[in-house]
Amino acid sequence: MRYFFISLIFGVAGLALFGQEITTHPPQLFVDSLGQVYTRADAPAYLFLAPAEDQDKFVLAPSSDQAANPMYWDGHGSHYITHKDQKTNTNIRFRILADGFAPKTSIQFENGLIFYLNNMYFVESGAVAKAITKDDMSGVSQVYISINEGTFSPLNEAKTFAHEGEYKVQIYAVDNVGNAEQPKEYKVTTTTEAAVKMDNIYFETNSATLSSRSYPELNTLVKILKEFPNVNLEIRAHTDSWGNPKYNLLLSERRAQAAVDYLVARGVSKSRLTAKGFGETQLVNECAKGVVCPAQKHAENRRVEFVISQVDDQN
């Protein structure tokens, strides 16, 4: 008498280049406290047979079909395997949960948070952040962190940003069957003096009229300013080096004021905002007057930034 047994055999997979190292997260089986079996959705399964009188002598099921082994789960979710027990003449049913999705991770500051926009955080020196991770099936196995493109290492406790400066933080999690998410990247600044470029702020050509493409980013800033009513901002605008320097300076001042006017019109107090234009005086690359540069390089200099000008006492 013979019965069959499904065995999950894994090869090394999940190689990804993270920071300065290659981290390996191979697929693996996971059994929770209730005895439920989980596997990664892309992990292969092999069918083995064994005599009922000697159940340790597994033999890979023979087949002339090249596609018979390995077998693969049909995507994320519950899968069932059923076979008949010859002694009891009953069907034995096994459930395998194939996990096809990686965890989702973010950071949250327990203290010291001054202000944030998208993935940029301004915090006080000594601010403490923790990882918030969610996985809907097999659960989170480990969180990894890299600071300033260093080697990823396990994050087993809250992270303290003890010194003044700017940090590039990358973080990701792996679940219990080896699914790894792509690293999330954050910029953490422990000084309020840094200028932060706002993405997707556009104006009509040679004009201070905001393009409608700018509205989503400015609306996000409105929301955050209302969440942090003690933070005051200076909105700064810059131009490229084309044209007359005096004209560029005036244009940048008008553009900075246009951004401020947009925020005020949507409920941000005018007293919390100032506008300042720099024209072409603070280029971010080599494209000064007389230097031949492609249009894309000139576009890098046309930008809107903000700095935290003041943080009022919340009391």
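Structure: see above.
Reading guide: rules and limits
Residues numbered from 1 in each chain as written. Predicted model: local features only at pLDDT ≥ 70, side-chain atom pairs only at ≥ 80, totals over all residues. Heavy atoms only, no water. Helix = DSSP H or I, 4+ residues; strand = E, 2+ residues; numbered from the N terminus. Buried < 20%, exposed > 50% of the residue type's maximum accessible area, 1.4 Å probe, protein only. Contact = heavy atoms within 4.5 Å. Areas by Shrake-Rupley, 256 points an atom, 1.4 Å probe, with all protein chains shown as cover. Disulfide = S-S within 2.5 Å. Pairing = 2+ DSSP bridges. Core = buried A, V, L, I, M, F, W, Y, C linked by side-chain atoms within 4.5 Å. Axes fitted to C-alpha atoms, helices over the stretch in contact; angles between N-to-C directions. Phe/Tyr/Trp six-rings, centres within 6.5 Å; stacked < 30°, edge-to-face > 60°. Lys NZ or Arg CZ within 6 Å of the ring centre and 35° of its normal. Expected span 1.5 Å × (residues − 1). Polar contact = N/O pair within 3.5 Å; in protein donor to acceptor, adjacent residues only side chain to side chain.

K.L.:
I'm lost on the overall build of the protein in this one. Help?
P.N.:
The helix and strand tally for the protein stands at 3 helices and 21 strands. Considering the protein as a whole, with its 315 residues, one finds that 41% of them fall into the buried category. Within the protein, contacts between residues at least 6 apart in sequence are counted, and of these 63% link residues at least 24 apart. For the protein, the accessible surface area stands at approximately 17500 Å², while carbon and sulfur atoms represent 49% of it.

K.L.:
Even after reading the chapter, I still don't get the state of the cysteines, so can you show me in this structure?
P.N.:
As used here, a disulfide is simply a covalent bond connecting the sulfur atoms of two cysteines. For the coordinates displayed, the defined rule picks out 1 disulfide. Two residues, Cys287 and Cys293, share a disulfide whose sulfurs are 2.2 Å apart. Disulfide Cys287-Cys293: torsion about the S-S bond near -100°, hence left-handed. Exposure class is identical for Cys287 and Cys293. Each is buried.

K.L.:
Help me understand the sheet that holds strand 4 (residues 30-31) in this model?
P.N.:
Across a sheet, strands are paired by hydrogen bonds formed along the backbone, either parallel or antiparallel in direction. As summarised here, the arrangement of the 4 strands in space is 4-5-10-9, forming an open sheet in which the pairing is mixed. In the strand order of this sheet, the two ends are held by strand 4 and strand 9 (77-85), each with one partner. In this sheet, strand 10 (residues 90-99) lies alongside strand 5 (residues 37-40) in parallel orientation, the contact comprising 4 bridges. Counterpart to Val37 in the pairing with strand 10 is Ile96.

K.L.:
Can you help me understand the nonpolar core in this one?
P.N.:
Among soluble globular proteins, nonpolar side chains are generally buried collectively. Counting 49 residues, the largest nonpolar core has Phe109, Phe115, Leu233, Leu263 and Phe306 as the members making the most contacts within it. Leu263 has contacts with Leu218, Leu221, Val222, Leu225, Ile235, Val268 and Leu273, leaving out every residue within four places of it along the chain. Listed in part, the 6 residues of the second largest apolar core include Ala45, Trp73, Ile81 and Ala98.

K.L.:
Any chance you could explain the sheet that holds strand 21 (residues 303-311) here in plain terms?
P.N.:
Strand order in this open sheet of 4 strands is 18-21-19-20, and the pairing throughout is mixed. Each having just a single partner strand, strand 18 (196-198) and strand 20 (273-277) make up the two edges of the open sheet. Going from strand to strand, the sheet's axes swing by 30° on average, the running direction of each strand aside. The pairing of strand 19 (residues 231-238) with strand 21 spans 8 bridges and is antiparallel. For Arg236, the partnering residue across the bridge sits in strand 21 and is Glu305. Seen against the sheet, helix 2 (residues 245-265) touches strand 19 and strand 20 and runs at an angle of roughly 160° to strand 20.

K.L.:
What is the right way to look at the packing of aromatic side chains in this model?
P.N.:
The geometry of an aromatic ring pair is captured by two quantities: the separation of the ring centres and the angle between the planes. Considering all chains together, one arrives at 13 aromatic pairs under this definition. Ring geometry for Phe30 and Tyr38: centres 5.8 Å apart, planes at 40°, overall tilted. Given the relative accessible area of 23%, Phe30 is considered partly exposed. Exposure remark for Tyr38: the relative accessible area of 9% places this residue in the buried category. Through a chain of ring-to-ring contacts, three or more aromatic side chains come together here, namely Phe109, Phe115, Tyr116, Tyr121, Phe122, Phe161, Tyr167, Tyr186, Phe228 and Phe306. A cation over an aromatic ring shows up here: Arg213 above the ring of Tyr202, its NZ or CZ 3.9 Å from the ring centre. Cation over ring: Arg266 sits above Tyr262, and NZ or CZ is 3.5 Å from the ring centre.

K.L.:
What exactly am I supposed to notice about helix 2 here?
P.N.:
Since there are 3.6 residues in each turn of an α-helix, residues three or four apart along the chain are aligned in direction. Taking 1.5 Å of rise per residue, 21 residues should cover 30 Å, and helix 2 covers 30 Å from first to last C-alpha, within 8% of that figure. Taken together, the buried positions of helix 2 are occupied by Asn248, Leu251, Ser252, Arg255, Ala256, Ala258, Ala259, Val260, Tyr262 and Leu263. On its buried face, helix 2 sits against helix 1 (215-227), strand 19 and strand 20. Of the residues that open helix 2, the one with a side-chain oxygen 2.8 Å from the backbone nitrogen of Lys246 is Asn244. At the C-terminal side of helix 2, Gly267 shows a positive phi close to 105°.

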